[in-house]
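# Residue-level structural notes
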Amino acid sequence: MIYDKEKQQFVTFEQLKPDNVIDFTLVELINDCCRLLVLLPMRTGSEYFVCPWGSEGTESWAFPVLSFNYEHVRQPFEISLWILLALLMKLGFHIIPRVSNVVPESCLLIVVGLLIGGIIKAIGEKAPMLDSKLFFLYLLPPIILDAGYFLPIRPFTENMGTILVFAVVGTLWNTFFVGGMMYAVCQIEGAQLGGVDLLSCLLFGSIISAVDPVAVLAVFEEIHINELLHILVFGESLLNDAVTVVLYHLFEEFSHADTVTVGDALLGVVCFFVVSLGGIMVGAIYGLLGAFTSRFTSHTRVIEPLFVFLYSYMAYLSAEVFHLSGIMSLIACGVMMRPYVEANISHKSYTTVKYFMKMWSSVSETLIFIFLGVSTVAGPHAWNWTFVIFTVILCLVSRVLGVIGLTYVINKFRIVKLTKKDQFIVAYGGLRGAIAFSLGFLLTNSQLKNMFLTAIITVIFFTVFVQGMTIRPLVELLAVKKKKESKRSINEEIHTQFLDHLLTGIEDICGHYGHHHWKDKLNRFNKAYVKRWLIAGERSTEPQLISFYNKMEMKQAMMLVESGSAAKLISKSREQEIRKILRANLQKTRQRLRSYSRHDLLIDPFEDGLSEVRFRRQRVEMERRVSFYTDRDSCL
């Protein structure tokens, strides 16, 4: 007899409904009291428990020794399975070096997603889609936080102008060029695209034109390109988010409006500044709050990493609430928070933050590419040869023309010019990815949505597979400079600071308020006011060179501990001795000196004293010579 919990009664196998007839597994349990045979159903829907034989017609039933309820844990169990699959794929990719040297990791992950999607579709189940909520709220933030928190500040700020030109002007050019040309293609009679209007084409151009940071990171970190090209392409992919968001919402609103006026276009321009600057402001506020909070965590070190993650994620969500740029908010939060948080938290907390960010960004990146493959199989698709082929061609042409034209203008203002090889890598590295797919997934017009998504997936596959697989041999063929894999030393840091102060002094003498002048002003303001509030203890007044020495010392200590050479660690007394030597011999830069003027050259009292001493010495020397010649003449 089996107790059916739905019917609240005992039934036999013959009384089961036909749709409940499922496969059973016979599990023999040793039970001296009941000596039962327990039959477990392998499908959810109802639970059956075996009662002792001969108890028909009684209301008593046996206690369920073992039961099966998959629906209770289905969602977390499937999430864990997806993450486990992502980790196994990444592990297998790096175990086989021959594959990783030829095919980028992103390509293999998309292929794995295609296989999984095909298997799910073959068994008649519904494949999970990479919807916009999953992507923008859960998968994208860890990747952007890792990129923003560990962003190389010096090359990013030194090339800020070039990055902004590529991100803003380049994205606008790509949007209007692709959108306008696609509208011209849609007017061809044989293309069967007469229902696509101009605003829809511009909306599609805004979606497909932005360079994707996830795809750029996945490819450029594998080929180890030099720091300049990496920061140009990756910085463009980060900062073009504000332009993409504004253009997407602008054309989407215009497509539903009856008329579009000049005032609406001006409001769109204002909206760009609100979205970009508002996102930066929100991120900076949360970054300062996180840094200020870390000042008081000396007694509870275990929660220090949690503050970093929560404040960063809250910055992203707060920006998304007001439709600001969440990506720029995360970048601003990470950049603002890092120097002060690292000065306050313990080294163990710093290690936790570092590896946890790297872990989750790696897992999110893997899941994104797997979901892209699964979503491709899931569909639905609306294939149009004309629309898809011209989309791929126009994306390539607009990227090449935009980079060449903008570089021609940029090189007139750059000291280090971008060569033809650099321009080729920047143009060829403009990869598209999951951000374009997620924005296309938000469209409401089902007919255009399916056609746009099909074209977007085709462009993503072309850029990731064709450009991603061929960029490594092209870099080798063109002999493009690779990234320098060496760590900075104290000597390099000293000379870098010396050159910075030298260039700042030259700018002050010339009266030119350039990059180094404002950087020095910002550093002085940071040291005088900000550090006092955000950094606890004596480290708020610590010179930059000593701070750099402290970081190098901690890294060396970690390496020695991991290698088992802990006996070689520097003692505390030796550390204090080295710090005293550094403090005593550091150059006191930016002292207030007497201003120089070629029209009014004041005499320094110290220099006047030196001149007097020099004059006396010359007088004594002259008298000695005169007396020598006088004595010689008298002798003759």
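Here the residue numbering is sequential within each chain, running from 1 through the sequence in written order. For a predicted model such as this one, the threshold for reporting local features is a pLDDT of at least 70, and the threshold for listing and counting side-chain atom pairs is 80 or more; totals across whole chains, interfaces and linings nevertheless cover every residue. For the side-chain quantities, the full set of heavy atoms in the structure was used; hydrogens and water were omitted.

### A short note on the overall build of the protein chain
So the rule is basically this: Each helix is a run of DSSP H or I of at least 4 residues and each strand a run of E of at least 2, with the numbering of both proceeding from the N terminus. Note on areas: Shrake-Rupley with a 1.4 Å probe; residue coverage comes only from the protein chains shown.
Looking only at helices and strands, one finds 22 helices and 5 strands in the protein chain. Just so you have it, the protein chain exposes about 36800 Å², and 64% of that area is on carbon and sulfur atoms.

### Things to note about the side chain of T171
Here is the rule: Only heavy atoms enter the contact rule, under which two residues are in contact if any of them lie within 4.5 Å.
Mapped onto the secondary structure, T171 falls in helix α6 (residues 160-186). Non-local contacts of T171, meaning those with residues more than four positions away in its chain, are made with F166, S209, N240, V243 and T244.

### So, the packing of α6 against helix α7 (residues 198-208)
Stated formally: An axis is simply a line fitted to the C-alpha atoms; with a helix, the fit covers only the stretch in contact. Between two such axes, the angle follows the N-to-C directions and lies from 0 to 180 degrees. Relative orientations are named as follows: roughly parallel for angles under 35 degrees, roughly antiparallel for angles over 145 degrees, roughly perpendicular for angles from 65 to 115 degrees, and oblique for any other angle. Crossings are sorted by hand: turned counterclockwise from the far helix by less than a right angle, the near helix makes the crossing left-handed, and turned clockwise it makes it right-handed. Three categories are distinguished: nonpolar for Ala, Val, Leu, Ile, Met, Phe, Trp, Tyr, Cys and Pro, charged for Asp, Glu, Lys and Arg, and polar for the others, with Gly belonging to the last.
Where α6 meets α7, the closest approach of the two axes is 8 Å, and the angle between their N-to-C directions is 135°. Judged by the inter-axis angle, α6 sits oblique to α7. When you trace α6 past α7, the crossing you get is right-handed. Residues T175, F176, V178, G179, G180, M182, Y183 and C186 of α6 pack against L198, C201, L202, G205, S206 and I208 of α7. The class makeup of the residues in the contact of α6 with α7 is 9 nonpolar, 5 polar and no charged.

### Here's the deal with the confidence of the model for the protein chain
In regions of low pLDDT, the predicted coordinates are not meant to be interpreted in detail. Test applied: Note: pLDDT gives the predictor's confidence per residue, expressed from 0 to 100.
Of the residues in the protein chain, 74% reach a pLDDT of 70 or more, and the chain-wide mean stands at 77. Element-level mean pLDDT values for the protein chain span from 39 in strand β4 (residues 37-41) up to 93 in helix α11 (residues 304-321). Counting interchain partners and residues more than four positions distant, the pLDDT-below-50 stretch residues 17-58 has 69 contacts.

### Some words on the environment of L448
By the element assignment, L448 lies in helix α17 (residues 446-478). Measuring from C-alpha to C-alpha, the distance between L448 and S200 comes to 8.4 Å, with 248 residues separating the pair along the chain. Setting aside residues up to four positions removed in sequence, L448 forms contacts with V196 and S200.

### As for the pattern of salt bridges
We count it as follows: Throughout this description, the term salt bridge denotes a Lys or Arg side-chain nitrogen within 4 Å of a carboxyl oxygen of Asp or Glu. Only protein chains enter the accessibility calculation, which uses a 1.4 Å probe; a residue whose area is less than 20% of its type maximum is buried, one above 50% is exposed, and one in between is partly exposed.
Going through the model one piece at a time under the given rule, you end up with 9 salt bridges. The salt bridge partner of D500 is R154, with a shortest N-O separation of 2.9 Å. Linking D500 in helix α18 (residues 490-510) with R154 in helix α5 (residues 153-158), this pair joins segments that are 346 residues apart in sequence. For D500, a relative accessible area of 15% translates into the label buried. On the accessibility criterion, R154 (30% relative accessible area) is partly exposed. We note a salt bridge from E342 to R338, for which the minimum N-O separation is 2.8 Å. Remark: R338 and E342 occur in helix α12 (residues 326-344); sequence separation between them is 4 residues, near one turn of the helix. Overall, the relative accessible area of 16% leaves E342 in the buried class. In this structure R338 comes out as partly exposed when scored by relative accessible area, which is 24%. A single network of salt bridges, built from pairs that share partners, joins R154, E158, D500 and K519.

### Things to note about the nonpolar core
This is how the line gets drawn: Residues belong to one nonpolar core when they are buried, are Ala, Val, Leu, Ile, Met, Phe, Trp, Tyr or Cys, and are joined through side-chain atoms within 4.5 Å.
Judged by nonpolar contacts, the single largest core of 133 residues is most densely connected at L140 and F387. Broken down by element, the residue count for this core peaks at 15 residues, all from helix α9 (residues 227-256). If near-sequence neighbours (up to four positions away) are discounted, L140 is found in contact with F135, V214, Y316, I327 and I435.

### A look at the packing of aromatic side chains
Under the convention used in this document: The rule is short: rings of Phe, Tyr and Trp, with Trp giving its six-membered ring, pair when the centres are within 6.5 Å, and they are stacked under 30 degrees, edge-to-face over 60, tilted in between. Our definition puts a charge over a ring when NZ of Lys or CZ of Arg is within 6 Å of the ring centre and also within 35 degrees of the ring normal.
Tallied over the full model, the rule gives 19 aromatic pairs. When the centroid spacing of 5.0 Å and the interplanar angle of 75° are considered together, the rings of F135 and F136 count as edge-to-face. In this structure, F135 and F136 share a single accessibility class: buried. Measuring from centroid to centroid gives 6.1 Å for F356 and W360, while their planes differ by 65°, and the two rings are edge-to-face. On the criterion of helical spacing, the pair formed by F356 and W360 is a turn pair, its members being 4 residues apart in helix α13 (residues 347-378). In this structure an aromatic cluster arises from ring pairing among F204, F387 and F452. Directly above the ring of F441 sits K449, whose terminal nitrogen or CZ lies 4.5 Å from the centroid.

### Quick word on α7
Among the 11 residues in α7, 9 count as buried, and that is most of the element. What α7 keeps buried is the set S200, C201, L202, L203, F204, G205, S206, I207 and I208.

### Let's talk about the environment of I83
Take I83: it is sitting in helix α1 (residues 74-95). It is 7.3 Å that separates the C-alpha atoms of I83 and L367, two residues lying 284 residues apart in sequence. Apart from residues no more than four positions distant in its own chain, I83 is found in contact with W360, V363 and L367.

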